[in-house]
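# Summary of the model geometry
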Amino acid sequence: MREDLTAEILRNALRVAAEEASIVVVRSAYSTFIVEGADAAAAILDASGRLVAHSLSTALVQCASLRSALPYVIDAYPLAGMRPGDVFCSNDVYQGGVHANDLLVFRPVFVDGGPAYFTGTLIHVADLSGLSAGGMASDAADVFLEGLQLPPVRIATAAGWDEGLTRVLAANSRTPDRLLGDLRALVAGVNVAARRVEALAAEQDLAAGIDGYLAHTEARMREELARLPRGGYTGEYAVEDGDGRHWVRVAVTVHDDGVLVDFAGTDPQVARPVNSGFSQTLGGVMYALRCFVDPALPMNEGCFAPVEVRMPEGSLVNCTKPYPGGGRWATVAAAEEAVFAALTRALPGRGAAASGILQAFSVSGVTRPWLHMAFELGGMGARYGRDGPDATGALFGGGRNIIPQVEPIEARLPVRIEEVALIPDSGGRGRWRGGLGTRTVIRVLEDAHVDTRGDRLSHPPAGAEGGAPGRAGGYFRERADGAREPLPPKATRSPLRGGEAFVVETSGGGGYGDPADRDPDVAARDLRDGRVAP
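Procedures and definitions
- Residues numbered from 1 in each chain as written.
- Predicted model: local features only at pLDDT ≥ 70, side-chain atom pairs only at ≥ 80, totals over all residues.
- Heavy atoms only, no water.
- Pairing = 2+ DSSP bridges.
- Helix = DSSP H or I, 4+ residues; strand = E, 2+ residues; numbered from the N terminus.
- Axes fitted to C-alpha atoms, helices over the stretch in contact; angles between N-to-C directions.
- Buried < 20%, exposed > 50% of the residue type's maximum accessible area, 1.4 Å probe, protein only.

### Comments concerning the pairing of strand 2 (residues 51–54)
In this structure, strand 1 (residues 41–46) lies alongside strand 2, joined through 3 bridges in antiparallel fashion. Counterpart to leucine 45 in the pairing with strand 2 is leucine 51.

Below, the structure written as structure tokens:
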């Protein structure tokens, strides 16, 4: 009993250390999207690259990014050469990173004279070069057009910053002050977490405690996966692009020792920013699998151990240089949806209709540098026994990101937010209704450029078991006279005159089951609440 209590205290102490690091980053950052949207991830890892603890912040898919990138850092800077106070940074999508604008920062934690653990933080910085502000270029044909590429580099030592490197970073940003402020916030986060880990190591045999903690999580994960029916199951989902649709295909095999997730048959990578790096796809798979196991399971290496993921090199889910990976989110979401479809075949009655996912965008100044980068969330697909939640970004990966509030945006930027509302009738009809999408109207007070990166707009989220699809969303320009015209779902630097409005409408989730079977009382309540039209 005493051992169980000690293990539980350690588990929570490690998780709180990671969570505290993410909070420090959010409170210290300069970018509005970070400060108001709580978009930061943090982790504690050991020197062998195992994920020990992960913050609850941001999308759960980021759990694999810090884990996947650390081995490349250690390969570039061997453990024997590291010194206390060293800090490393990377954004290389081919070495475990996300894309150019997501900076990953690591700091080694020394125990008994050597680096035994690492603390890591990750955020999407304001701007780091590329075709468009905020890294949102939807027409980047290669990775070099997406922004400045950083292999693992040492950005600081105990003596301070590498001033030459920070000057290079600042020179490659449209908003250098915010970039450097965000970078300092990332380092502040790893420093705080490192102090917490050092204190834990001074109080107890931390290595033995972590080994037991991870082994316990692995045993629980295996128990949960053992509840799935043995066999092989397939699924697929398409990603929209200007050139058509690209398919992510998966085969999920449940066996006695765990689960194999194989993306063989997925379409090849394309010279457009819709590909995904391997770490993001891995994170999406872990999120999808965790939707079928005990949600109380902590997110650490024990969850990864029973899962094998095969991602063919040069495919949509594992791009290779120089193919771009900045728009990976739609492909990651398609991978998640394909896994859901496969496991729905394994577990009839536990599936869900397709969901509207986040629709990202950025609005930036023309005559002076300012940037509003954000996303709006689509409706979640209905599932057996339950309507889909509204405006949740169902496949967002289980994080706690929030949509920035109106007042701070208007206080910081030359824009006016005129509407944020649910769209009636946007959820697919069914025995259980899909979640509603949203409409957001942003009027710019001076000339601006708009970048869009949406998906599931030409082909809205499908229903399941006889349910209807959700209503498709879109991006629009609203002129001063009120006339509205559509913008491409994936566009770079569309002009917007001062006084015009940018309108974002997200897709509703698909419905589940025959609409004729919907409970009349529930249908009447939807009508009263304005969720459906008369």
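### Remarks on the sheet that holds strand 13 (residues 371–376)
Pairing in this open sheet of 4 strands is antiparallel, and the strands run 13-12-16-19 from one edge to the other. Of all the strands in the sheet, the pair left with one neighbour each is strand 13 and strand 19 (490–496). Across the sheet, the axes of successive neighbouring strands diverge by a mean angle of 15 degrees, strand direction being ignored. Pairing geometry for strand 12 (residues 359–365) and strand 13, over 6 bridges, is antiparallel.

### A short note on the sheet that holds strand 17 (residues 474–478)
Strand order in the open sheet made by the 5 strands is 14-15-20-17-18, with antiparallel pairing throughout. Edge positions in the sheet fall to strand 14 (415–422) and strand 18 (484–487), since each has one partner strand and no second. Here the strands of the sheet are splayed against their neighbours by 20 degrees on average, with no regard to which way each runs. Both strand 15 (residues 438–444) and strand 20 (residues 501–505) contribute to a ladder of 5 bridges, which runs antiparallel. Counterpart to threonine 440 in the pairing with strand 20 is valine 504.

### Observations regarding the pairing of strand 13
Within strand 13, 6 of the 6 residues are buried, which leaves it mostly tucked inside the rest of the structure. Because side chains alternate across strand 13, one face comprises the buried residues Leu371, Met373 and Phe375, and the other comprises His372, Ala374 and Glu376, equally buried. Linkage of strand 12 to strand 13, two consecutive antiparallel strands, is achieved through a turn of 5 residues.

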